[in-house]
Amino acid sequence: MAEAGLRGEGFVLRPWREADLESLLAHADDEQVARGVSDRFPSPYTRADGEAFLAGRVVDLADPVLAIEIDGQACGGIGARPGTGERAHSAEIGYWLGRAHWGKGTMTRAVSVFAPWVMRELALYRLHATVLGFNIGSAQVLRRNGFLEEGVQRAAVFKRGVLHDLRVFAKVRRNLDDDH
Ligand SMILES: CC(C)(COP(=O)(O)OP(=O)(O)OC[C@H]1O[C@@H](n2cnc3c(N)ncnc32)[C@H](O)[C@@H]1OP(=O)(O)O)[C@@H](O)C(=O)NCCC(=O)NCCS
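Residues numbered from 1 in each chain as written. Predicted model: local features only at pLDDT ≥ 70, side-chain atom pairs only at ≥ 80, totals over all residues. Heavy atoms only, no water.

Caption draft 1: Structural context of the site of the ligand. If you check the shell around the ligand, you find 21 residues, and the closest are Gly103, Gly105, Thr108, Asn135 and Arg144. Take Leu97: an N or O atom from its main chain is 2.8 Å from an oxygen atom of the ligand. Gly103 has a polar backbone atom sitting 2.7 Å from an oxygen atom of the ligand. Contributions of two or more residues to the shell around the ligand are made by β5 (90–97), α4 (106–121) and α5 (136–144). (Near = heavy atom within 4 Å. Polar contact = N/O pair within 3.5 Å; in protein donor to acceptor, adjacent residues only side chain to side chain. Helix = DSSP H or I, 4+ residues; strand = E, 2+ residues; numbered from the N terminus.)

Caption draft 2: Just the environment of Lys159, in detail. Here Lys159 shows up in strand β7 (residues 148–159). On the basis of relative accessibility, which here comes to 6%, the residue Lys159 falls in the buried class. Separated by 136 residues in sequence, Lys159 and Ser23 place their C-alpha atoms 26 Å apart. At 2.8 Å, the side chain of Lys159 forms a polar contact with the backbone oxygen of Val37. Reaching out from Lys159, the side chain makes a polar contact with the side chain of Asp39 at a distance of 2.5 Å. (Buried < 20%, exposed > 50% of the residue type's maximum accessible area, 1.4 Å probe, protein only.)

Caption draft 3: Here's a closer look at the environment of Ala74. For Ala74, the location among the structural elements is in strand β4 (residues 73–82). By relative accessible area, which is 1% here, Ala74 ends up buried. Look past the residues within four positions of Ala74 in its chain and what remains in contact with it is Arg14, Trp16, Asp20, Ser23, Leu24, His27, Ala67, Ile68 and Glu69. (Contact = heavy atoms within 4.5 Å.)

Caption draft 4: Seen up close, the pattern of salt bridges. In this structure the tally under the stated criterion is nine salt bridges. A salt bridge links Arg47 to Glu22; the shortest N-O distance between them is 3.0 Å. Taken together, the residues span a long stretch of sequence, with Arg47 in helix α3 (residues 47–54) and Glu22 in helix α1 (residues 21–28) at a distance of 25 residues. Of the charged contacts in the structure, one is a salt bridge between Arg167 and Glu149, with a shortest N-O distance of 2.8 Å. On the criterion of sequence distance, the pair formed by Arg167 in strand β8 (residues 162–172) and Glu149 in strand β7 is long-range, its members being 18 residues apart. For Arg167, a relative accessible area of 16% gives the class buried. Owing to a relative accessible area of 38%, Glu149 belongs among the partly exposed residues under this scheme. Each member of the salt-bridge network shares a partner with another, and the members are Arg14, Arg17, Asp20 and Glu69. (Salt bridge = Lys/Arg side-chain N within 4 Å of Asp/Glu carboxyl O.)

Caption draft 5: Expanded view of unusual backbone geometry. Geometrically, the link from Ser43 to Pro44 is a cis peptide bond, its omega value of 0° lying close to zero. Mapped onto the elements of the fold, Pro44 is located in the loop between α2 (31–34) and α3. With phi around 50°, Ala123 is a residue other than glycine that occupies positive phi space. Here Ala123 is to be found in the loop between α4 and β6 (126–132). For Ala123, a relative accessible area of 36% translates into the label partly exposed. One non-glycine residue, Arg160, adopts positive backbone phi at about 50°. Mapping Arg160 onto the fold places it in the loop between β7 and β8.

Caption draft 6: Region of interest: α3. Along α3, the residues classified as buried are Gly50, Ala52, Phe53 and Leu54. On its buried face, α3 is in contact with α1 and β3 (65–70). Looking one or two residues beyond α3, the residue adopting positive phi is Gly56, at roughly 80°.

Caption draft 7: Highlighting the packing of α1 against α3. Remark: α1 packs on α3, axes separated minimally by 10 Å, with the N-to-C direction vectors making an angle of 120°. In terms of axis orientation, α1 runs oblique to α3. Two packed elements cross with a definite hand, and for α1 against α3 that hand is right-handed. Counted together, Leu21, Glu22, Leu24 and Leu25 of α1 and Arg47, Gly50, Glu51, Phe53 and Leu54 of α3 form the full contact between these two elements. Taken together, the residues of the contact of α1 with α3 sort by class into five nonpolar, one polar and three charged. (Axes fitted to C-alpha atoms, helices over the stretch in contact; angles between N-to-C directions. Parallel < 35°, antiparallel > 145°, perpendicular 65-115°, else oblique. Left-handed = near helix turned anticlockwise from the far one by under 90°. Nonpolar A, V, L, I, M, F, W, Y, C, P; charged D, E, K, R; others polar.)

Rendered as structure tokens:
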């Protein structure tokens, strides 16, 4: 990924930088953000958590893991984690956005830029996402981008004392020359 990144309407998707620490903390330290994503995204989100993330100690930043930059600030993230071995043709997408920017179609547009790019870049046949049962907004982001709901992993997540179903969405292509 070139430092200049991928441009969308109202945002740029580009690699994380050390200088993103303050804006990362400002947007990530929010229980309303953390509740929708994995526990690798803590709440409270401390300075040490931000430093660990930017140093690549939380997720592998060699994977396509990009900041969502809005008005010069890193306000969220989007990334894909490829499988290994016989699952290397497939990856899981994940994303989050600071609450100040919710409800403006930003993540719908970010996924519309990122998903085709990452499928091409990693030569993927499959890109999937898992969504906690209550997360209607995220399910809608995926549907808007042509992900199909494949089913539900029942009682798959126990998070903060509550049991959740996990909805599985995916976009697939059977031929690497196909559009997606
Ligand atoms: C989920 C999230 C990424 C949505 O980002 P966003 O930029 O606000 O989403 P959009 O504005 O593109 O909205 C997409 C659609 O979902 C709907 N939507 C968004 N939030 C919603 C909510 N809380 N409840 C119901 N619908 C919602 C929007 O109305 C829109 O619907 P439309 O396409 O019919 O107009 C954002 O709320 C977020 O970062 N949440 C915390 C982290 C998270 O849950 N990540 C996803 C993990 S799977």
